[in-house]
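# Working through the structure, step by step
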Amino acid sequence: MLEIQNLTKVFPDGTVALKDVSFRVADGEFLAIIGLSGSGKSTLLRCINRLIEPTAGAVIWNGQNITAANPSELREIRRQIGMVFQHFNLVKRSSVTTNVLTGRLGYVNPFWSLLGRFSAEDRQRARAALARVGIEDKADNRADQLSGGQQQRVGIARALMQEPKLLLADEPVASLDPVLSHSILRYLELLNQQDHITVLCSLHFLDLVHRYATRVVGLKAGELVFDGLPSELTPAKFKEVYGEEAEMVSVTPQNAS
Amino acid sequence: MPPERRPANPWLPALLSLIIPGSGQFLLRERSRGITLFLTFFALLGLVLWTKTYALLAPLALFLLWIARDAYQIARGKQPRWGAALLLIGLVLYGAATFVTEVRPVRLITGLPNVQPYLRSLLSPELFEYPTEDLIGVAPIMVPCVDPLPEPNREATVSPRVITLPCTEVGDVLTISGEGFEPNATGQVQWVDPLGSPRRATLNGEVVTFVADADGRFTATLLVPQAVPLTAQPDPGQTLTHAVRAVQAIPTGDLQPTQTLSLVIEKIGETLALAFLSTVLGVVFAVPVSFLAARNLMGANRLTLAIYYVVRTLLNIIRSIETLMWAIVFAVWVGLGPFAGTLALWFHTVAALAKLYSESIESIDPGPIEAVRATGASWAQMVIYAVLPQILPTFTSFTLYRFDINVRLSTVIGLVSDAGLGFLVIQWVRLNRFSAMATAIIAIILVVATLDFVSGWLRERIIAGRPIISRGSPPVRSALRLLLVAAFVAAFVWSWRIAQIEPMELIRGAPQGLALAREFAVPEIFTQPTTTQTISAPLPVPCGAVDAGEPADEGIALSAECGNPGDPLVITGSGLPPNRQVSVRWVLPDGAFLRVRAGCCTTTPEGTLTVETTINPVVASQEGQPAAGRVEITYEDVAGRRQLSDTVRTVFNLSILTLLMALVATTLGALFAIPLSFLAARNIMGDSPLGKTVYYGLRTIFNITRSVEPLILVLIAATWVGAGPFAGVLALALNNIPNLGKLFSESIEEIETGPVEAVMTSGANRLQTLVYAVVPQLVPPFLAFIIYQWDINIRMSTVIGFVGGGGIGQQFRVWVSLSEYAAAGTAIWAIVIMVWSMDYLSAKARERLV
């Protein structure tokens, strides 16, 4: 169980990115976070694993206060929380395998990892992770030789290496062609349903929210403005989150859905 | 490799590779791998043999074994790793390089006392002083004591007065006192030898000074020095007049700039004038040349294309020779001085700017030209409205960039041609006037740093398209603009005078310059060993009974067997080499000889020679007696095959040395720069007070040390570790650390944060994050910068020899000063080849890295 308590983030330049946000996520949920660009979605996700230090409030995960963890405790926590990024965040010049193996860094002997040595078991695990996202044949390629969709699958494989209990996905499909969105989200859904990994995923397209999420929270200017089931997200609620100007768009061609 | 192509026995390629390195790989269809290994192995072998570092044959043998193992593993279908091979290659390469460049880290410590005065003086430059007047008291003293003591041949001063013993012995401790000195002022005690030259008096190795009390009195003790050379000691019982001198420098008048400071200020002006003038004149010449060197303008037909290639080649040759080398060449032409320096700067500037300009012309967008043409505009209108707006910003920006370089260069051009601040530095270094030197170096740093800043600001504005003068109402602005133009003209006129431009010198020195150019153009590559052939015939003078000696050799005949001085004589030769310059001469009985005629003679195409002359009286040297003189024909004949001249060998050796110096310096620079660059990167150091302090501190140190050209650092390095290649390496490395440090830290600041975030998310610690997310992003830019720096270092190391840094530059300067221009020319061609091939290779390497 993940509990966000009165989370507030004020950046040094005075921007208030999160304003007193509180909600809970039960284990096994697929939670979609919606909101306009700049509404605080990324900040929220990054405050959970403290890539961004929150200004006030707490993040409690399975009884452990993440916001109060010391550096070594934080690393311990982080390795149980996978993250997938909008821009994939792969090390472009490193091989796909090396990128995937970096997901293991929280577990391995720090010294050997500095020399690039990983156990045979970890290498086997990396192959398995790549096989799971269907790109085991790309293992020796350089990361920047892959297409966007393939790179995001490497990103998922990297997160898998952490054997996470929680997966944070920050706009995982926003940099991809819409037609690839389903392919990526299906992998996340698979992890959610088969491996019982809790997923927090920020999304832009409402039909993706309806299709994959089990619950939705909406942010507007850093404040929580919606918390409910996807089915409760009516056009009126939608306009409340996104503003009057917004129109619902779909990534899936109408005839295909 | 696919199994079907694997040979049955993997030992076979391994064995082959052991005999001919790389052949196994080659046969296994790993052709480029095979060739690379082959070339690498033999290049390293050559290096080891050339440097005579036979101990390095051991790692080389290991490398050979590695090559064999590599072939074996490829045959077994495995892809072996390069790690061990790179280690061995590095060991051999750097081992040999360290050996020939005489890198001896111990000398850094043993030489420290020598360099300390330089460093200390950098903190105490000579800026202002009180003008002083010396108050001197002298008392004669006889050394050694004898009885009776003769009168001293030197007068004592009365006021102020120094009181001492009448005589003393060398090695005694002498107490002196003085009166009538300036109260409460310090002074120095000196010992004056019999020749009248003073030196500082010492006691226990300390210089003896004194402070006069309120009444102007003092006492001091000193050791009586051995002031007469032991070889010129007076006989026993003889004594010489020495003297003790007490000197106080009494301030008179107000604080005023030292002579050093006024000289430095004068030379700052000269430095700027040289840079300004050579840039302005450079632009004037570079613009038309750049049109000839632009492919899109010259590609129309064969003739213009040929001009394009010729111009490009010439520009490349001129550019690859450092400005300082040109300064030496021009100094031969027009004499030492600012003019030679300006010419050199100008020459290099024309070549460099013309290349940059032509590239910017080549990259103009044809779209606007088409569009302006389509409106029915004329050619001139097209140039003004479509071409100029495109090239002007880049032209201006390149010009400013070159002005920056010229300022830096004109601070060092004085090392070879007495102009600018560099001249003061080298002069004061030679005189051991450290604090004066420090003043000049600080001036260099200030000038370079200020102009860096100003031109950076201007460049930014120009690229952003903002006007330089942006404030004030329109009339004020146009007035300012007018003022700017006037200032420019004034600066030009002033610079012209400072730089002592005398075009007449160019014409007066033209014969010398042309001879120089001719010899440079024809490098001394081959020599042919020759022997002197001589044939001779007897000629007793006057006729008489004398043993005429050997009969005439074949091929020489005289019209008379003997004769008197003044008698006509026809000397004929036959069977000689055709069209050959020969020498015909009288040979006296004692072996002395005299040419029959100056500039004589050339054989006919048939190989014959006829010389009509009269018998020279010198042959009959002995009165009345007949002398057994002879007539001989001598000529140089080729013996043996053409061979490489010694010059080429020297130049080759020095070129390799120069390359290795650059390599070692770059490596050292990079090794130190990498850790420092992390400390000088904003994003690594964060916003904590300590982080900010380190960041700003390091950046400032980088910027200051970068302003000092390696050529000036060589002067210091040569004192530190002794003149030679190590000094050169040290100076380059000292310059490379801040240079690379700045470039590295800028690329650290530009890394993508995404991967760092992603790796941190996995629970990695800081070090793991560095290794997995930061380092892979930094490898390509770092390597690219290192290669770029190596390129620059090769150019620099061709000139650091001028001031004690070893390498090819040192030999070049020696050859020029001995007027051996052909040899100097050979060195220049070697540099051109070296710089070109390294340019090419580094461009290739950089391309692959991106």
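Since the model is a prediction, treat every value here as computed from it, not as a measurement. (Residues numbered from 1 in each chain as written. Chains lettered and ligands numbered in written order. Predicted model: local features only at pLDDT ≥ 70, side-chain atom pairs only at ≥ 80, totals over all residues.)

### Overview of the overall build of chain B
Applicable threshold: Numbering of helices and strands runs from the N terminus, with a helix taken as a DSSP run of H or I at least four residues long and a strand as a DSSP run of E at least two residues long. Here the globule rule is a power law, 2.2 Å times the number of residues to the power 0.38, and the radius of gyration is based on C-alpha atoms. Between the buried cut of 20 or more and the exposed cut of 12 or fewer other C-beta atoms within 10 Å of a residue's own C-beta lies the partly exposed class, and all C-beta atoms are placed from the backbone. Once C-beta atoms are placed from the backbone, any two residues with those atoms within 7 Å are in contact.
Scanning chain B from terminus to terminus reveals 28 helices and 21 strands. The C-alpha radius of gyration of chain B comes to 37 Å, more than 25% above the 29 Å expected for a compact globule of 850 residues. If you line up chain B on its principal axes, its C-alpha atoms span 110 × 100 × 75 Å. Taking all 850 residues of chain B together, the buried fraction comes to 38%. In chain B, the share of contacts with a sequence separation of at least 24, taken over all contacts with a separation of at least 6, comes to 72%.

### Regarding the overall build of chain A
Secondary structure assignment for chain A yields nine helices and 10 strands. The globule rule puts the C-alpha radius of gyration for 257 residues at 18 Å, and the 18 Å found for chain A is close to it. Expressed along its principal axes, the backbone C-alpha trace of chain A runs to roughly 55 × 50 × 35 Å. Out of the 257 residues belonging to chain A, those deemed buried represent 45%.

### Quick word on the domain arrangement of chain B
Residue and element names in this part refer to chain B. To keep it simple, the criterion reads: An automatic or database domain assignment supplies the residue ranges for each domain. Amino acids outside the nonpolar list (Ala, Val, Leu, Ile, Met, Phe, Trp, Tyr, Cys, Pro) and the charged list (Asp, Glu, Lys, Arg) are all regarded as polar, and Gly is one of them.
Examined at the domain level, chain B breaks down into domain 1 (3–100), domain 2 (132–252), domain 3 (269–519), domain 4 (530–639) and domain 5 (646–849). Taken over C-alpha atoms, the centre of domain 1 sits 29 Å from the centre of domain 5. With four residues of domain 1 in contact, the opposing surface of domain 5 contributes five residues. Broken down by element, the side of domain 1 that touches domain 5 gets its largest block of residues, three residues, from helix α5 (residues 83–100). Of the residues that constitute the side of domain 1 that touches domain 5, the class distribution is three nonpolar, one polar and no charged.

### Observations concerning the interface of chain A and chain B
On the chain B side, the residues contacting the 22 residues of chain A number 20 residues. Within the residue set of the side of chain A that touches chain B, elements represented by two or more residues are α2 (71–78) and α4 (110–114) of chain A. Among the residues forming the side of chain A that touches chain B, the class breakdown is eight nonpolar, nine polar and five charged.

### Structural notes on the sheet that holds strand β19 (residues 609–614) of chain B
Residue and element names in this part refer to chain B. Here is the rule: In this analysis, strands are considered paired if DSSP registers two or more bridges between them. Fitted lines through C-alpha atoms give the axes, limited to the stretch in contact for helices. The angle between two N-to-C directions lies from 0 to 180 degrees.
Strand order in the open sheet made by the three strands is β15-β16-β19, with antiparallel pairing throughout. With partners counted over all chains shown, the strands left at the sheet margins are β15 (556–558) and β19, one partner each. Ignoring strand direction, the axes of neighbouring strands in this sheet form an average angle of 15 degrees. Note that strand β16 (residues 568–573) and β19 share six bridges and pair antiparallel. The partner of leucine 569 across the bridge, within β19, is threonine 613.

### Remarks on unusual backbone geometry
Of the consecutive residues Val143(B) and Pro144(B), the connecting peptide bond is found in the cis state with omega at -10 degrees. As for its placement among the helices and strands, Pro144(B) is situated in the loop between β2 (132–143) and β3 (161–163). Although it is not a glycine, Asn89(A) adopts a positive phi angle of roughly 55 degrees. The topology assignment puts Asn89(A) in the loop between β6 (81–84) and α3 (96–101). With phi around 45 degrees, Glu171(A) is a residue other than glycine that occupies positive phi space. Along the chain, the position of Glu171(A) falls in the loop between β7 (166–169) and α7 (178–194). With 20 C-beta atoms counted inside 10 Å, the residue Glu171(A) sits in the buried group.

### Here we look at the pairing of strand β8 (residues 198–202) of chain A
Residue and element names in this part refer to chain A. Our working definition: Orient the strands so they point away from the viewer, and a crossover whose first-strand-to-second-strand path over the helix runs clockwise is right-handed.
When you tally the buried positions in β8, you get five out of five residues, the bulk of the element. Every second residue of β8 is oriented toward a common face, with Thr198, Leu200 and Ser202 on one face and Val199 and Cys201 on the other, all of them buried. In terms of strand pairing, strand β3 (residues 30–34) meets β8 through four bridges, oriented parallel. The residue bridging isoleucine 33 from the neighbouring strand is serine 202, located in β8. Across four bridges, the pairing between β7 and β8 is parallel. Paired with leucine 166 across the strands is threonine 198, a residue of β8. Where the polypeptide runs from β7 across α7 and back to β8, its parallel neighbour, the crossover connection is right-handed.

### Quick word on the sheet that holds strand β14 (residues 530–541) of chain B
Backbone hydrogen bonds are what pair the strands of a sheet, in a parallel or an antiparallel way. All names here are of chain B. Reading across from one edge, β14-β20-β17-β18 is the order of the four strands in this open sheet, with antiparallel pairing throughout. Looking at which strands have only one partner, the edges of the open sheet turn out to be β14 and β18 (593–595). Strand after strand, the sheet turns through a mean of 30 degrees between neighbouring axes, direction not considered. Note: β14 against strand β20 (residues 627–638), 12 bridges, orientation antiparallel. Residue pairing in the sheet places threonine 531 in a bridge with aspartate 637 of β20.

### Some thoughts on the environment of Val91(A)
Along the chain, Val91(A) turns up in the loop between β6 and α3. Given 24 C-beta atoms within 10 Å, Val91(A) falls into the buried group. Counting along the chain gives 53 residues from Val91(A) to Asp144(A), while the straight-line C-alpha distance between them is 8.3 Å. Filtering out sequence-adjacent residues up to four positions away, Val91(A) remains in contact with Asn99(A), Ala143(A), Pro755(B), Tyr772(B), Ala773(B), Pro776(B) and Gln777(B).

### Some words on the domain arrangement of chain A
Residues and elements named next belong to chain A. If you check the domain split of chain A, you get domain 1 (1–80 + 164–257) and domain 2 (92–163). One C-alpha centre belongs to domain 1, the other to domain 2; they are set 25 Å apart. Taken together, the 13 residues of domain 1 in the interface contact 11 residues of domain 2. For the side of domain 1 that touches domain 2, the secondary structure elements donating two or more residues are α2 and α7. Considering each element in turn, the side of domain 1 that touches domain 2 owes the most residues, four residues, to α7. Per-class residue counts for the side of domain 1 that touches domain 2 are seven nonpolar, three polar and three charged.

### Observations concerning the packing of helix α24 (residues 725–749) of chain B against helix α26 (residues 766–797) of chain B
Residues and elements named next belong to chain B. Which entries qualify depends on this criterion: When an angle is under 35 degrees it counts as roughly parallel; over 145 it counts as roughly antiparallel; between 65 and 115 it counts as roughly perpendicular; any other value is oblique. Handedness of a crossing is defined here by the sense of rotation of the near helix relative to the far one, left-handed for an anticlockwise turn of less than a right angle and right-handed for a clockwise turn.
The geometry of α24 relative to α26 is characterised by a closest axis approach of 10 Å and an angle of 150 degrees between their N-to-C directions. The pairing of α24 with α26 is recorded here as roughly antiparallel in orientation. For the element pair α24 and α26, the recorded crossing hand is right-handed. On α26, the residues touching Gly728, Leu732, Asn736, Asn739, Leu740, Leu743, Phe744, Ser747 and Ile748 of α24 are Leu778, Pro781, Phe782, Phe785, Gln789, Asn793, Met796 and Ser797. Residues that form the contact of α24 with α26 fall into these classes: 10 nonpolar, seven polar and no charged.

### Overview of the nonpolar core
Where we set the bar: Think of a nonpolar core as buried Ala, Val, Leu, Ile, Met, Phe, Trp, Tyr and Cys residues, each tied to the set through C-beta atoms within 7 Å.
Val425(B) and Ala440(B) are the most contacted members of the largest nonpolar core, which has 160 residues in total. Looking at this core element by element, the count peaks at 14 residues for helix α12 (residues 338–362) of chain B. Those residues in contact with Val425(B) that lie beyond four places of it in its chain are Met437(B), Ala440(B), Ile441(B), Ile712(B) and Leu715(B). Ranked by size, the runner-up nonpolar core spans 82 residues in total, among them Leu7(A), Leu18(A), Val59(A) and Leu160(A).

### Some thoughts on the packing of helix α25 (residues 753–761) of chain B against α26(B)
Residue and element names in this part refer to chain B. Two elements in contact, α25 and α26, have axes separated by 9 Å at closest approach and are oriented at 165 degrees. It follows that α25 is roughly antiparallel to α26 by the angle criterion. By crossing handedness, the relation of α25 to α26 is classed as right-handed. In this structure, α25 uses Pro755, Val756, Val759 and Met760 to contact α26, whose residues at the interface are Thr769, Tyr772, Ala773, Val774 and Gln777. In the contact of α25 with α26, the residues fall into seven nonpolar, two polar and no charged.

### Some details on helix α11 (residues 323–334) of chain B
Residue and element names in this part refer to chain B. Threshold: Each helix should span, by expectation, one fewer than its residue count multiplied by 1.5 Å.
Taking 1.5 Å as the rise per residue, α11 with 12 residues should run 16 Å; its terminal C-alpha atoms sit 16 Å apart, in good agreement. The complete set of buried residues in α11 reads Thr323, Leu324, Met325, Trp326, Ala327, Ile328, Val329, Phe330, Ala331, Trp333 and Val334. In the segment just after α11, glycine 335 is the residue with positive phi, at about 90 degrees.

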